[in-house]
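Commentary on secondary and tertiary structure
Residue-level listing of the chains:
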Amino acid sequence: MKKYSNKILAIFLGLTLITCSEDYLDIPQKSVLESNSYYQNAGPDEAEALIAALYDQYYEGMEGVSSQIFLDVLSDDHYAGGNSFADAANQFQEASNLIINSTQGNLNTQFVNSYKIIYWANNIIEKIPESSDSRILRVKAEAKFFRALCMFENVRWWGTPPFVDHVLTPDEYYPGNGDHAEIIPWCLAQMQEAADALPALSGMGQQRAYGARVSKHTALAYKGKIALWYGTRYDDSAILAQAIQPLKTVITSDLYGLVEDMFIIDRPAADFCKEYIWERNAADNNGYDSHQAGINPVWTNWRPENMTLPDELYNLGWGWDPPTGDFGDFLKEHEGGINKPRFKSTLHTYEQVLEMSYENAAGPPGVIAGVSACEGYFRYRKLLFKADIFNIASWWKSSKANVHFMRYPEVLLMYAEAQFLVNGDSDGTGLQALNQVRQRAELEPLGSMTYQDIKDERRAELWQEGERYFDLVRWGDAAERLKDKGKTWYTFYGYQQDGQTWDIRTREGSGNGWDPKYELLPFPYTQLSANTNLVQNPGW
């Protein structure tokens, strides 16, 4: 992928058509180049340039830190954070308080970018002539993967998004709501077709040699994820049963494993490690310099206005997406203390923050002013470490650490859940998968598992990976877990006068807690205004 990154923009931007302002799908109408001719005459080099540009669009538009924070702060494990409770950036506070509306920016970003990717994927699939060339076959399989992934995510967000499985003709530019019962089987079939045509890694730990492209087992892992999510969310046992085999195939391939040191996750040392099912290459020379902001951990780094940053951290941060006290308490209890590797590589208590090095820091360690949306627990994962800084000549810095879209522990936990629900884990392999995750975290293996064991392990392992909100909704747990969300705001001031007890002060928040309408997010206002065939979700 890397060798195409410098030339794809010129080619692809020429094929990106001028958008009609009234076209809600943001589908192009007129081309700078004759796009049909370009696709129809595309050879392997042109096909790979086109798919490289599609990867770039996904990286820039669909998996940026803003969308990840938005999904995180809808859950019980994250606050919005930021400068204060009045910080209005990206409407994260509204999401954290469950008081968003259809004008929330991330809704439109997800909608527009997903349909752009689907459109370009459809062009690759339909317009590049059929060929026996292995490179073209791979490109078409990758396009199938992307359009299925985008349609799946849109179902997760909205339930009934427009179903676009081909290049639309002018009389189809304003489609109405789709039927998730039709979309999801199509997504599953597309993922299987992609898996059948995509190559696999050559061996365990060969991600670097393979490169930052989706593989056969990436597609199978997402097929399992789609089936598990839909089967539990809509109580569809037939779809749920389809989760087991693809996930089992990934596990028994012996191509993936768990890294021993959890502290390297989200650090450059984990780039192309055996744990990453799919990742974005964020190295200095990957050709995406202009898009590093989309994954920038400055967004989530601790704020130097509120606390002295230790020597190892870059002295700039906006403090978004911190952990809730409820999650900190849960993880402490689940791990059996604060010094187990999963706890400490995910969070730090205030005491652990003070134990870091401050020899060359701007001031004495500790809180300078009140830290909003904090109860004494601080994120540790996805901080911006000085040793990891991407080489950009600007105050704005990014991490060289690759961004993972799925890790192997998620595969193991999805398999354990599917086994438990479909056949009661009749052969015990689901428990074995669950225990792999636990033992890496230095927890005792379980002799049997309950559904709550599976839920707790997902919560502990997948914090800040954008899954918790969707998990709560599909499990039917959102109403209870989020009933008080946003009703109380917390500010952390360090220690009380005794020098030991955390000084946590509360005030009444602006949230009203859970509302059943949040089981589906609202379609963006701009899209509803442009397309009268699209019907808003209930309650919005």
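Above: the structure in question.
Residues numbered from 1 in each chain as written. Predicted model: local features only at pLDDT ≥ 70, side-chain atom pairs only at ≥ 80, totals over all residues. Heavy atoms only, no water.

1. Side note on empty space enclosed by the protein
Per the counting criterion, the structure on display carries 8 cavities of 30 Å³ or more. Roughly 180 Å³ of volume is contained in the second largest cavity. Lining the second largest cavity are 19 residues; nearest its centre among them are Trp302, Gly319, Pro322, Val371 and Phe378. Elements that contribute at least two residues to the lining of the second largest cavity include exactly strand S5 (371-372) and strand S6 (377-379). Per-element tally for the lining of the second largest cavity: the top contributor is S6, with 3 residues. Grouping the amino acids of the lining of the second largest cavity by side-chain chemistry returns 10 nonpolar, 7 polar and 2 charged. (1 Å grid on protein atoms, 1.4 Å probe; cavity = no way out; pocket = protein on both sides within 12 Å on 5 of 7 lines; lining within 4 Å. Points joined across faces, edges and corners; volume = space filled by probe spheres on them. Helix = DSSP H or I, 4+ residues; strand = E, 2+ residues; numbered from the N terminus. Nonpolar A, V, L, I, M, F, W, Y, C, P; charged D, E, K, R; others polar.)

2. Digging into the packing of aromatic side chains
Counting across every chain of the model gives 47 aromatic pairs. Each ring, one from tyrosine 38 and one from tyrosine 39, has its centre 6.5 Å from the other, and the planes form 85°; the classification is edge-to-face. Where phenylalanine 492 meets tryptophan 502, the ring centres are 5.9 Å apart and the plane angle is 90°; that geometry is what we call edge-to-face. With phenylalanine 492 in strand S8 (residues 488-495) and tryptophan 502 in strand S9 (residues 502-508), this pair connects stretches of sequence that are 10 residues apart. Just as phenylalanine 492 is buried, tryptophan 502 falls in that class too. Connected via pairs of aromatic rings, a cluster forms that spans Tyr55, Tyr58, Tyr59, Phe145, Phe146, Tyr222, Trp278 and Phe405. Over the aromatic face of tyrosine 451 sits the side chain of lysine 455, whose NZ or CZ is 4.8 Å from the ring centroid. Across the ring face of tyrosine 493, the terminal group of arginine 505 is positioned such that the distance to the ring centre comes to 3.9 Å. (Phe/Tyr/Trp six-rings, centres within 6.5 Å; stacked < 30°, edge-to-face > 60°. Buried < 20%, exposed > 50% of the residue type's maximum accessible area, 1.4 Å probe, protein only. Lys NZ or Arg CZ within 6 Å of the ring centre and 35° of its normal.)

3. Some words on the nonpolar core
Among the nonpolar cores identified, the biggest contains 118 residues, and Phe70, Phe145, Trp278, Val411 and Leu521 are the most heavily contacted of them. At 14 residues, the largest contribution of residues to this core is made by helix H7 (residues 134-158). Those residues in contact with phenylalanine 145, other than ones at most four positions away along the chain, are Met191, Ala194, Val214, Thr218, Ala219, Tyr222 and Trp278. Counting 25 residues, the second largest nonpolar core, distinct from the first, contains Phe330, Leu331, Tyr377 and Tyr380. (Core = buried A, V, L, I, M, F, W, Y, C linked by side-chain atoms within 4.5 Å. Contact = heavy atoms within 4.5 Å.)

4. Here we look at the sheet that holds S8
Strand order in this open sheet of 3 strands is S5-S8-S9, and the pairing throughout is antiparallel. Each having just a single partner strand, S5 and S9 make up the two edges of the open sheet. (Pairing = 2+ DSSP bridges.)

5. A closer look at helix H4 (residues 65-73)
Burial analysis of H4 places 9 of its 9 residues in the buried class, the great majority of the element. Buried within H4 are the following residues: Val65, Ser66, Ser67, Gln68, Ile69, Phe70, Leu71, Asp72 and Val73.

6. Remarks on the pattern of salt bridges
Oppositely charged side chains are able to pair whenever their charged atoms sit close together. Applying the stated criterion across every chain, the model contains 39 salt bridges. Across the pair aspartate 77 and arginine 459 runs a salt bridge whose closest N-O atoms are separated by 2.7 Å. One end of the pair, aspartate 77, is in the loop between H4 and helix H5 (92-96); the other, arginine 459, is in helix H18 (residues 451-461), with 382 residues separating them in the sequence. The partner of lysine 274 in a salt bridge is glutamate 260, with the nearest N and O atoms 3.2 Å apart. Linking lysine 274 in the loop between helix H12 (244-252) and strand S3 (276-280) with glutamate 260 in the loop between H12 and S3, this pair joins segments that are 14 residues apart in sequence. (Salt bridge = Lys/Arg side-chain N within 4 Å of Asp/Glu carboxyl O.)

7. Quick word on the packing of helix H8 (residues 180-197) against helix H10 (residues 216-233)
The relative placement of two packed helices comes down to the angle between their axes together with the axis-to-axis distance. One can describe the packing of H8 onto H10 by two numbers: an axis separation of 8 Å at closest approach and a directional angle of 160°. Relative to H10, the element H8 lies roughly antiparallel. Viewed along their axes, H8 and H10 form a crossing whose handedness is left-handed. Contacts between H8 and H10 involve His180, Ala181, Ile184, Cys187, Leu188, Met191, Gln192, Ala194, Ala195 and Asp196 from the former and Lys216, Ala219, Leu220, Tyr222, Lys223, Ile226, Ala227 and Tyr230 from the latter. (Axes fitted to C-alpha atoms, helices over the stretch in contact; angles between N-to-C directions. Parallel < 35°, antiparallel > 145°, perpendicular 65-115°, else oblique. Left-handed = near helix turned anticlockwise from the far one by under 90°.)

By themselves, these are just geometric observations and shouldn't be taken as functional.
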